[in-house]
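# Fold and geometry: a report
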Amino acid sequence: MKKITLKIDGMRCGMCETHVCDFIRKNFNVKKVTASHVKGEATIISEYHIDAEQLKSVIGSTGYRVSEVTEEEYVKKGLFGLFKKD
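Anyway, here's the lowdown on the structure attached to this text. (Residues numbered from 1 in each chain as written. Predicted model: local features only at pLDDT ≥ 70, side-chain atom pairs only at ≥ 80, totals over all residues. Heavy atoms only, no water.)

With that settled, the discussion passes to the overall build of the protein. A tally of regular secondary structure across the protein gives two helices and four strands. Listing the helices and strands of the protein from first to last along the sequence gives β-α-β-β-α-β. Seen along its three principal axes, the alpha-carbon backbone of the protein occupies a region of about 45 × 25 × 20 Å. When each of the 86 residues of the protein is scored for burial, the buried share is 34%. A fraction of 64% describes how many contacts in the protein between residues 6 or more apart in sequence connect residues 24 or more apart. Accessible area for the protein stands at about 6,000 Å²; split by element, carbon and sulfur atoms hold 51% of it. One finds the centroid of the 15 positive side-chain charges in the protein at a distance of 6 Å from the centroid of its 12 negative side-chain charges. (Helix = DSSP H or I, 4+ residues; strand = E, 2+ residues; numbered from the N terminus. Buried < 20%, exposed > 50% of the residue type's maximum accessible area, 1.4 Å probe, protein only. Contact = heavy atoms within 4.5 Å. Areas by Shrake-Rupley, 256 points an atom, 1.4 Å probe, with all protein chains shown as cover. Lys, Arg positive; Asp, Glu negative; His and termini not counted. Charge placed at Lys NZ, Arg CZ, Asp CG, Glu CD.)

Shown next as structure tokens:
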């Protein structure tokens, strides 16, 4: 699983967050997507790698600008993951 974090310029309210999340869901196969206009970012959880340039292009077509894309491995932590020692 991949965790992709996007820094997005132009989100100003909760409706902007919804708009970005809906657009990502419609254009990419994702497990989960959340956005925060306060932080200026969106987080995507996906089983597969998503091309950064494609993300920038799709989100850019909505009027928002993606300034940074970071990707890392995502490991789901269950209830007992809280007690697990690394």
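Having seen the structure, we can now continue with the description.
Before going further, it helps to examine the side chain of Thr43. Note that Thr43 resides in strand β3 (residues 41-46). Discounting chain neighbours no more than four positions away, the residues touching Thr43 are Lys3, Ile4, Thr5, Lys32, Val33 and Thr34.

As a further point, take helix α1 (residues 14-27). With 14 residues, α1 should reach 20 Å at 1.5 Å per residue; the first-to-last C-alpha distance of 20 Å fits that figure. Those residues of α1 that sit buried are Cys16, Glu17, Val20, Cys21 and Ile24. Here the buried residues of α1 occupy an arc of 130° about the axis, which is enough to place them on one side. Opposite its buried face, α1 presents the exposed residues Met15 and Lys26, each directed more than 90 degrees away. (Expected span 1.5 Å × (residues − 1). Arc of directions from axis to C-beta.)

A separate point is the environment of Glu68. Following the sequence through the fold, Glu68 ends up in strand β4 (residues 65-73). When the C-alpha positions of Glu68 and Glu41 are compared, they lie 9.3 Å apart, and in sequence the two are 27 residues distant. If we skip the residues at most four places from it in the chain, Glu68 touches Thr5, Leu6 and Lys7.

This part takes up the pattern of salt bridges. Where charged atoms from two side chains of opposite charge come close, those side chains can pair. In this structure the tally under the stated criterion is six salt bridges. Residue Asp9 is joined to Arg65 by a salt bridge in which the shortest nitrogen-to-oxygen separation is 2.7 Å. A residue pair is termed long-range when its members are at least 10 positions apart, and Asp9 in strand β1 (residues 2-9) and Arg65 in strand β4 qualify at 56 residues. Judged by relative accessible area, Asp9 falls into the partly exposed class, the value being 35%. (Salt bridge = Lys/Arg side-chain N within 4 Å of Asp/Glu carboxyl O.)

In short, the description is geometric, and any link to function would need to be established separately.
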